[in-house]
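Each chain is listed here by its residues.
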Amino acid sequence: MPARLGALDFLQQAVRCNTISSTGNEIVLARMIKARLDDLGIDCEIFRENEHQANLVATLRGQGPAKKPGPRLVLSGHLDTVPIGDATWTHDPFSAAIDDGRIYGRGTADMKGGLFALLFAFMKHKDLAPDLWNGELIFAATFGEEVGALGASAMVNKTQIPRFDAMIVAEPTDNRLVIAHKGVTWLRVTSFGKTAHGSMPGCGTNAVDKLHLFYERLQSLDLGPTTTPLLSEPTFAVTTFNGGGAPNVIPDHCQMTIDIRTVPGQDQQGVVAQVEAIAAALVKEDPEARFQVECTLNLPGLLTDEEAPIVRISQQVLAKISPGAEVVRGAQYFTDASAFGAHGDDIIILGPGAPEQAHQTDEHLVVDDFFNAIDIYGEIIAQYFSQN
């Protein structure tokens, strides 16, 4: 019980740390984690990205006898959270208040609960004599996941972690096993016109009108079917639309963003090409129309083989600890796994917290689910290294 209370206390400290993407201070939380790991003598390094953001990587190495190098398992979660929003919270979003068996605050479910459950399972594994296991166990905390997996991409591009055999990403799944999720393509479409006085619209070219025509044509975009029964069909949504600067001026600039959710194996460049073709067709029809299509984020989906060792072992553990949770599932969102996928082999998504709590007012996490996640991770780690 004292160990569990210590884990909960550290989680509360983490929730009280404002790590809102782009405006918070993620590096402060990274330093808090490093201080704890330093106290235990665990090899740990912070990779500073800027004044407020950083990745953290810590490593445990087994030294057991083996004819070949042991496997490398990565435990990953992100440091940042989304903003708190404008609605009034019942509990202060940075209070980490505990009420009726739940801890409240921004990031409790998404995903400081999962990140710190991984951390405590990681630290617990240090207690196992290194000569009893072989391989590497890596704890990797990333910045900027909520704004496009920035930290995970940096971690891969700058080789802050080595290639891995398996990875657990602790996004909130109610401690249920997820082996597939969607990818994402974000497009920024800009239309250009010609300014004029609002009383003489014929003297200008209205960029809002042109982009509205583009929006209407976009509705015919065909993204095709899903590639796995674990996921729904690909989707797209226009999420911003902005143009004009004054009520009496014909706007010469208008911009919108499109959020496209793809499925594993989908030709995402082909999707971008379809959108570009819509722009080209409109320009051909109307010489006054001019568009620019920019891809601001392009990350693939995830689909891990059900026979992969990390999947099989996780199912065995979950069937024992939480019967029913071992059934494989898919998720409609994307995670850091999209950025990590090309840098390693098998990835699962598994973490405490209800997925619907992510980004919500009064976000909270059931404390017992946090404790259970520590036990689940610990057992998966132990079995993974014992079976390899």
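Look a little higher up for the structure.
Residues numbered from 1 in each chain as written. Predicted model: local features only at pLDDT ≥ 70, side-chain atom pairs only at ≥ 80, totals over all residues. Heavy atoms only, no water.

Draft legend 1. Seen up close, helix α3 (residues 108–125). Under the 1.5 Å per step criterion, the end-to-end length of α3 is 24 Å for 18 residues, consistent within 8% with the ideal 26 Å. Of all 18 residues that make up α3, 17 are buried, and the element is covered over most of its length. (Helix = DSSP H or I, 4+ residues; strand = E, 2+ residues; numbered from the N terminus. Expected span 1.5 Å × (residues − 1). Buried < 20%, exposed > 50% of the residue type's maximum accessible area, 1.4 Å probe, protein only.)

Draft legend 2. Layout of the sheet that holds strand β9 (residues 183–192). One open sheet accounts for four strands, arranged β11-β13-β9-β14; its pairing is antiparallel. Strands with a single pairing partner mark the edges of an open sheet, and in this sheet they are β11 (235–243) and β14 (291–299). On average, each strand axis in the sheet is inclined to that of its neighbour by 15°, with strand direction left out of account. Judged from the 10 bridges that link them, β9 and strand β13 (residues 253–262) form a sheet pairing that is antiparallel. Looking at β13, one finds that T185 is bridged to I260. (Pairing = 2+ DSSP bridges. Axes fitted to C-alpha atoms, helices over the stretch in contact; angles between N-to-C directions.)

Draft legend 3. Fine view of the pattern of salt bridges. By the definition in use, this model includes 11 salt bridges. Measuring nitrogen to oxygen at the nearest pair gives 3.1 Å for the salt bridge that ties E49 to K158. Of this pair, E49 sits in the loop between β1 (43–48) and β2 (54–63) while K158 sits in the loop between α4 (150–157) and β7 (164–169), and the two are 109 residues apart along the sequence. Take E49: its relative accessible area is 35%, and that puts it in the partly exposed class. Residues R217 and E285 are paired through a salt bridge, measuring 3.1 Å at the closest nitrogen-oxygen approach. Taken together, the positions of R217 in helix α5 (residues 207–218) and E285 in helix α6 (residues 268–285) put the pair 68 residues apart, joining distant regions of the chain. Looking at R217, the relative accessible area reads 30%, which means it is partly exposed. Its relative accessible area of 53% is what places E285 among the exposed residues. Because the salt bridges share partners, they merge into one network encompassing D43, R61, R72 and E136. (Salt bridge = Lys/Arg side-chain N within 4 Å of Asp/Glu carboxyl O.)

Draft legend 4. Fine view of the sheet that holds strand β5 (residues 102–104). Ordered in space as β4-β5-β18, the three strands form an open sheet in which the pairing is antiparallel. In this open sheet, the two edge strands, each paired with only one partner strand, are β4 (98–99) and β18 (364–366). Strands β5 and β18 of the sheet are contacted by α3, whose axis makes an angle of about 45° with β18. Along the sheet face, helix α9 (residues 367–386) touches β5 and β18 and points at about 65° away from the line of β18. (Contact = heavy atoms within 4.5 Å.)

Draft legend 5. Focus on the nonpolar core. If you look at the biggest cluster of nonpolar residues, it comprises 62 residues, and the most contacted ones within it are I33, L37, L73, F116, F122, F139 and I168. The element that contributes the greatest number of residues to this core is α9, accounting for 11 residues. Ignoring anything within four residues of it in the chain, the contact list for L73 reads E136, L137, I138, A166, M167, I168, I310, I381, Y384 and F385. (Core = buried A, V, L, I, M, F, W, Y, C linked by side-chain atoms within 4.5 Å.)

Draft legend 6. The side chain of E171, seen in detail. Considering the arrangement of structural elements, one finds E171 in the loop between β7 and β8 (178–181). It turns out E171 is buried and unbridged, and the closest side chain with the opposite charge, R261, is 11 Å from it. Not counting residues up to four positions away in its chain, the partners in contact with E171 are H78, D110, M111, E145, T335, I349, L350 and G351. (Lys, Arg positive; Asp, Glu negative; His and termini not counted.)

The quantities given are spatial measurements derived from coordinates; they are silent on function.
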